[in-house]
Amino acid sequence: MTNLFTTESKQIPITKKMVKEAYCKVNSNKGSAGVDKESLEKFQENLLNNLYKIWNRMSSGSYFSQPVKEVVIPKAGGGERKLGIPTISDRIAQEVVKTYLEPRLEAVFSKNSYGYRPGKSAHDALQKVRENVRHYSWVIDMDIKAFFDEVNHELLLKAVDKHVSEKWVRMYIERWLVCPIQTSKGELIQKKGEGTPQGGVISPLLANLFLHYVLDKWLEKEYPQLSFVRYADDVIVHCHSESQSQEVLKAIKNRLEKCKLRLSEQKTKIVHCQAYNRTRHKNYPKKFDFLGFTFKPRPKATKEGRMFLGYDCEISQKSQTRIVQKWKDLKFHKQSNIVIQDIANKLRLQTIGIARYYGYFKVWTVQRLFRNLENRLAKWVRNKYKSMKSSYSKAYKWLKSIRIDYPTLFYHWQLFKTI
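Now for a look at the structure at hand. (Residues numbered from 1 in each chain as written. Predicted model: local features only at pLDDT ≥ 70, side-chain atom pairs only at ≥ 80, totals over all residues. Heavy atoms only, no water.)

Some details on the overall build of the protein chain
Here is step 1 of the chain: Across its full length, the protein chain holds 14 helices and eleven strands.
Here is step 2 of the chain: Across its three principal axes, the protein chain shows a C-alpha extent of roughly 75 × 60 × 40 Å.
Here is step 3 of the chain: Burial status across the protein chain gives 49% buried among its 419 residues.
Here is step 4 of the chain: Residue pairs at least 24 apart in sequence account for 66% of intrachain contacts in the protein chain once pairs closer than 6 positions are excluded.
Here is step 5 of the chain: Carbon and sulfur atoms make up 50% of the accessible area of the protein chain, which amounts to about 21,900 Å² in all.
Here is step 6 of the chain: Averaging the positions of the 76 positive and the 41 negative side-chain charges in the protein chain gives two centres separated by 7 Å. (Helix = DSSP H or I, 4+ residues; strand = E, 2+ residues; numbered from the N terminus. Buried < 20%, exposed > 50% of the residue type's maximum accessible area, 1.4 Å probe, protein only. Contact = heavy atoms within 4.5 Å. Areas by Shrake-Rupley, 256 points an atom, 1.4 Å probe, with all protein chains shown as cover. Lys, Arg positive; Asp, Glu negative; His and termini not counted. Charge placed at Lys NZ, Arg CZ, Asp CG, Glu CD.)

Let's talk about the nonpolar core
Here is step 1 of the chain: Core analysis: the biggest nonpolar cluster contains 70 residues, and I92, M142, L215, V237 and I252 have the highest contact counts within it.
Here is step 2 of the chain: Top contributing element to this core by residue count: helix α9 (residues 203-222), with eleven residues.
Here is step 3 of the chain: Filtering out sequence-adjacent residues up to four positions away, I252 remains in contact with M142, L215, W218, L219, V237 and L263.
Here is step 4 of the chain: Within the second largest apolar cluster, 53 residues are counted, among which are A122, L291, L377 and A395. (Core = buried A, V, L, I, M, F, W, Y, C linked by side-chain atoms within 4.5 Å.)

Here we look at the pairing of strand β7 (residues 234-239)
Here is step 1 of the chain: Most of β7 is tucked away: five of the six residues are buried.
Here is step 2 of the chain: One ladder, built from five bridges, connects strand β6 (residues 227-231) with β7; its direction is antiparallel. Following the sheet pairing, V229 is matched in β7 by I236.
Here is step 3 of the chain: Hairpin connection between β6 and β7: a loop of two residues separates the two successive antiparallel strands, and A232 in this loop has a positive phi of roughly 60°. (Pairing = 2+ DSSP bridges.)

Examining the sheet that holds strand β1 (residues 68-74)
Here is step 1 of the chain: Ordered by their spatial adjacency, four strands build an open sheet running β2-β1-β4-β5, and the pairing between neighbours is mixed. With one partner strand each, in any of the chains shown, β2 (80-85) and β5 (188-189) form the two edges of the open sheet.
Here is step 2 of the chain: Relative to β2, β1 runs antiparallel, the two sharing six bridges. From the neighbouring strand, I73 faces β2, where its bridge partner is R81.

Looking at unusual backbone geometry
Here is step 1 of the chain: Phi is positive for K37, close to 60°, though the residue is something other than glycine.
Here is step 2 of the chain: Structurally, K37 is set in the loop between α1 (16-29) and α2 (40-45).
Here is step 3 of the chain: In this structure, A146 takes a positive phi of about 50° despite not being glycine.
Here is step 4 of the chain: In this fold, A146 is placed in the loop between β3 (138-143) and α6 (147-150).

Side note on helix α12 (residues 340-358)
Here is step 1 of the chain: The end-to-end C-alpha separation of α12 is 25 Å, in line with the 27 Å expected for 19 residues at 1.5 Å each.
Here is step 2 of the chain: A maximum bend of about 50° is found in α12 at L347.
Here is step 3 of the chain: Residues of α12 that are buried include every one of I340, I343, A344, L347, T351, I352, I354, A355 and Y358, and no others.
Here is step 4 of the chain: Where the residues of α12 are buried, they touch β10 (293-301), β11 (307-315), α11 (317-330), α13 (367-384) and α14 (392-405). (Expected span 1.5 Å × (residues − 1). Bend = angle between axes of the 7 residues up to and from the residue.)

Digging into the packing of aromatic side chains
A ring pair, where both rings are aromatic, is described by two values, the distance of the centres and the angle of the planes.
Here is step 1 of the chain: Applying the stated rule across the entire model yields 25 aromatic pairs.
Here is step 2 of the chain: Both rings, one in Y63 and one in Y172, keep their centres 6.5 Å apart while their planes meet at 75°; by these two values the pair is edge-to-face. Remark: Y172 occurs in helix α8 (residues 167-178) and Y63 occurs in the loop between α3 (47-60) and β1; sequence separation between them is 109 residues. Of the two residues, Y63 and Y172, both sit in the buried class.
Here is step 3 of the chain: For the ring pair F293 and F361, a centre distance of 6.0 Å and an interplane angle of 70° mean the geometry is edge-to-face. Placement of F293 in strand β10 and of F361 in the loop between α12 and α13 is noted, with a sequence separation of 68 residues between them.
Here is step 4 of the chain: Here R382 stacks its cationic end above the ring of Y392, 4.2 Å away from the centre of that ring.
Here is step 5 of the chain: In this structure, K384 packs its charged tip against the face of Y385, placed 5.8 Å from the ring centre. (Phe/Tyr/Trp six-rings, centres within 6.5 Å; stacked < 30°, edge-to-face > 60°. Lys NZ or Arg CZ within 6 Å of the ring centre and 35° of its normal.)

Structural data, given as structure tokens:
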């Protein structure tokens, strides 16, 4: 790809190198086809011509995106989430602009914003919340209702104009914002001045810019004595007292309404972070979920071994239920025609991801989850071997012998002495 194409860039300063690097990023992220049904593999069959076409049109200002494919996925807690999947070409075009804009926007973003930012992770956000609950007794657990569907275009472009003087950048952002959605039935839904597809390459950057002015900068100015953590549209605000948390929540509601957003009344709540050294408050919940973890009162030990009631996080029940359901859906326990190595190969990447994400702070907190996996393996043993069909104890004994001989076969076997 060193000689991607020979024509020099035109009036818009989009270079051959920018398009090439954008393609490499999109390719590494994989992803499914858009409305044109062109997969990455199909796109690569005519790679040079496809990349040339993107560059030629973007650099001349004549690039227009295709409709965004709507994909509906179930939420862990019930309901549905609508994702917007651009075509491969549109993802590359968006990546060009995102990469161009990101450094200047990163320079102004708040240190309390963690989602979809280079050098920051969900674990960084969780760690900051862990630190904050030691110093603040109260939390506002916020849920912005239908955020990606209701982002106001006029206000968003106002924020863009504050940092972007290039007309061609604004032009492409506007085109992506008004791009229609195509449903699974082929119906085109036109935008009405709001929404940015949750699934678009540039959407997270635009969402962070919008919420930087709507919330981050506003909170830092109005309540500098407080702390907050934002990961995309998931926000945790830490307060010192019950009255302060009520006051701040009311102010946030008013602020969001002025910015054409709203809180979910059902999912937004004030939480008291109950610990050994804090007065009990029976009228408030004691736990909240954030990024797949539940923060709640938990027993902890001092260096000397004395136990006390602290406040910390572990994998949430919702996350455990979702993971267990995925294992059930695999139905490997019914596949008596396969060998245990096949199961290990199928589960390996998934179990590594689960253990490293949810066991990041304390790996023993996911032991109970992996015990469920061990139970499913025992079911498979009973279904495969007639001699063990009537006995779980024999199945577990067989698994134990395999574990002794092949301790690295399953990732979770390397984490725990016993399951």
